[in-house]
Structures are given as C-alpha cells and as structure tokens.
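Structural description and commentary
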Amino acid sequence: MFDSFLYLLRSKGLKVSMNEWLALNEALDKGLAYSSFTNFYYLCRSVLIKSETDFDKFDGAFLEFFKDIDFLDDIPKELLDWLNNPKETPGNYDEEKALENLRLDFKRIEEMLKERLAEQDSEHNGGSYWVGTGGMSVFGNNGNSPNGIRVGGESVHKRAFRVAGERHFKDFTEDKILDSRQFQMAFRKLRQFSTKTDAPKTELDLDESIDETCNNAGKLKLVYERPRRNTVKVLMLIDSGGSMDYYRDLCGKLFMAVRKSNHFKDLKIYYFHNSIYERLYTDAECMPGRWIDTDTVLRTLGSDYKVIILGDAAMSPYELVGTSSYFYSYSQMGYESGLEWFRKVKGHFNHIVWLNPGNMECYPGNYWHETLGILKDEFDMYPLSVSGLEAALKKLMVAK
C-alpha cells in the first residue's frame, strides 16, 4: 500500500528514482523516523526531493496521501478551541518587545512554546508571555509580534514562520522569502543578460563547433564568438530604518549578494528613510551630513542605469504626499513631496523596479495600505522572493 505513495509523487511531476525509494524504505527499517509523523515527513522529503523548489509539490502529495492521519503537534484540543475563536483583544504594540522577539531564532521559540504548553492551564489574551491572542507573544494568533509560531486562528499579518496545530508542511517554494544562497542563484541569471561586445571572436562556441564539424563530414571545425562582457550598470536605492528594521537580516543578505556579484559593470548604492527627498544618504545610518543631493545623482548617472528600489513602502501618508511646513522644516528636505521625488527618479531612468520585503496587500486592514497603494501604482513592484527577484531582473533587462 505504501508503494502507491511513490506513484502519487511521480504523478505530481516529481522525479523519484527507485534507488531513492529503496533508500527511504531502508531508512524506515532502521527506525530513522523515530516513530514521529513529523520526522517521517522530513525523512521522506530529504531522501526523495532533490530541489527546494519542488517542496510545494511534495507537500501537496504528502498531504493528499496521509490526509487521514491525525496530526496536531501536541497542541491540546481545548487550547486550540480557545485560539480558533479569538476574543477582541487590545492591539497593543511594544517596539522594544518586537526587537527582542526578532532576536529569537526558530529553535528557541519552539522550545519556549513547549515550555508554555506544559505550564499553561487557562486562556490568555493580549499579553506577551502565554500562548494566546493579540499582544506581543511569539506564539498564538492575531498578535503584533514580527515573528513567531501561529497557533490556531487565521493568518492576519503573514509574519509567522510556522503554523502549529495544522497539518500543513509547506516549507519552501519559489515564493518563499529568500536566503543568501537563493540570492546568489538568482543573480547568476544576470549572465544571460550581459551583452556581446565588439571585441574579437575569441570565445569557443561549443554547440556551433559540433554542428559545423558534423556538417564538415567529421573534420574538426572550430567556431568562435565574441565574449560577453559585464555591461549592466545598477543603482540601488535602499530604505533604511523604521519598519525596515524588521527585514534587516534579509536585506543584509541581498546587499551582500549584490556587492559580491560580478555581473555589474558599475554599482551605486544610496539610502533613504521611508521616502526619497532632495538628498540621498551614503550609508545605512542616514546621518545628517552623510548625503548627496538627489539632483546630483540624477545629473551624473546616465539613464541607462538599472534602478532597484528596496523598501516596504510603509510610511505615514504625509511623508509621501504631504506638504506640511512643520514636517519639512523638521526633516530639512525642502518643500517637494516624497512622491514628486520618486517620480523624478522614475522619469530619469529607463528601467526601474521595486523590491518589497514586506506585505504587499493593500487591504484597509494593512496600516500602510495608502502609501503602499500609491507606490504600487507608480512602480513595477515585486515581492522579495525567488520568483519575485527573477521577474524584477527580467523586467530590468527588457527594452523599454
């Protein structure tokens, strides 16, 4: 009966060989799943699946085949009943607690959840310690923590990196937020966009050489072509501080991948806080004096630069479209709105995309839906995911 799982995987387009299938059976015979359904899932996935991008297909097949197995991650039913019917709780937000939560890794949060489940004997809402709803706890649902494990309820902020008490194993698809390895793989694809120069034909074209040799009755005939050169010039404009602190680690990985990439002829990086104004900063601290006039950047960089804006588009509306004299005297940025400056940048460069590490949904419940909606209308905006980055790079390279 278990062998039918193999045929289901193959029917879903997964290339599982007999050697891999026999290896899985051998691992099960040796007890490497440790009598745990979760461990069994990870064992199957590690032995049978070759690429992370196939995890989603595997998850679908796994859930389809084992749908009748009861799996609750040891979450008590009474607790799940409470959490699946959350009460109205205060939407309190504690920035200090949020930063503290961001420093917790997944393993530590899992350990803390197990500790709370062993201690907790009643319903809790709006706090920062117990499993409950609202508040700043890293487990529960409908809360304000920037990360954690969702227990019951419905996803609201899309911030949890795991869902407990749910038979759902989706771990990685092409739309998962990128890690450093995936950044590097995505930027490798820029090679195909490098243009061929007018240099002498010194690079062996293997495919053409084979074709010409065959056409020449087997007598070797080598064909050379002009080499590709890095001709792509890139300008990165990065939002720094505020809500972007939540994505500091992720954006840092993107930054390092870009800096280490050898696919650019030239790379310029400047920073802004929330919105572009008449000055761009030269480092991520955005300290006064460490800046360059935006007009200077527009005058000195040609329109052929490919522009990547990295930001979550999250700010108060007056920062983007306001003309409050108090605001501009405070920020020392002049009297043109942020939106006007964004449009200046957009108007100067022929190719420009926006990468967003945050929530790109513009529903009214999203606090930033107004500014996000405005900027999505202005720019081609993509999520900071594998497929999002690849789509953005392709957009940058096509003729305008």
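On a predicted model such as this, the values are computed, not experimentally measured, just so you know.

To continue, consider the packing of helix H3 (residues 37–48) against helix H4 (residues 55–65). Between H3 and H4, whose axes approach to 11 Å, the crossing angle comes to 135 degrees. Comparing the axis directions of H3 and H4 gives the class oblique. Note on packing geometry: the crossing formed by H3 with H4 is right-handed. Residues Phe 37, Phe 40, Tyr 41, Cys 44 and Arg 45 of H3 form the contact with H4, whose own contacting residues are Phe 55, Phe 58, Asp 59 and Phe 62. Classifying every residue of the contact of H3 with H4 gives seven nonpolar, no polar and two charged.

Turning to the packing of aromatic side chains, a few remarks are in order. Under the defined criterion, the tally for this structure stands at 14 aromatic pairs. Pairing Phe 272 with Phe 342 gives two aromatic rings, centres 6.0 Å apart and planes at 90 degrees, and the pair type is edge-to-face. Note that Phe 272 is positioned in strand S10 (residues 266–272) and Phe 342 in helix H14 (residues 338–348), a separation of 70 residues in sequence. On the basis of relative accessibility, which here comes to 0%, the residue Phe 342 falls in the buried class. Cluster of aromatic residues (ring-pair linked, three or more members): Phe 5, Trp 21, Phe 40, Tyr 41, Tyr 42, Phe 58, Phe 62 and Phe 65. Seen from the ring of Trp 291, Arg 279 lies directly overhead, with NZ or CZ sitting 4.4 Å from the centre. The ring of Trp 341 carries Lys 344 above its face, with NZ or CZ at 3.9 Å from the centroid.

About the cut-offs
- Residues numbered from 1 in each chain as written.
- Predicted model: local features only at pLDDT ≥ 70, side-chain atom pairs only at ≥ 80, totals over all residues.
- Heavy atoms only, no water.
- Axes fitted to C-alpha atoms, helices over the stretch in contact; angles between N-to-C directions.
- Helix = DSSP H or I, 4+ residues; strand = E, 2+ residues; numbered from the N terminus.
- Parallel < 35°, antiparallel > 145°, perpendicular 65-115°, else oblique.
- Left-handed = near helix turned anticlockwise from the far one by under 90°.
- Contact = heavy atoms within 4.5 Å.
- Nonpolar A, V, L, I, M, F, W, Y, C, P; charged D, E, K, R; others polar.
- Phe/Tyr/Trp six-rings, centres within 6.5 Å; stacked < 30°, edge-to-face > 60°.
- Buried < 20%, exposed > 50% of the residue type's maximum accessible area, 1.4 Å probe, protein only.
- Lys NZ or Arg CZ within 6 Å of the ring centre and 35° of its normal.

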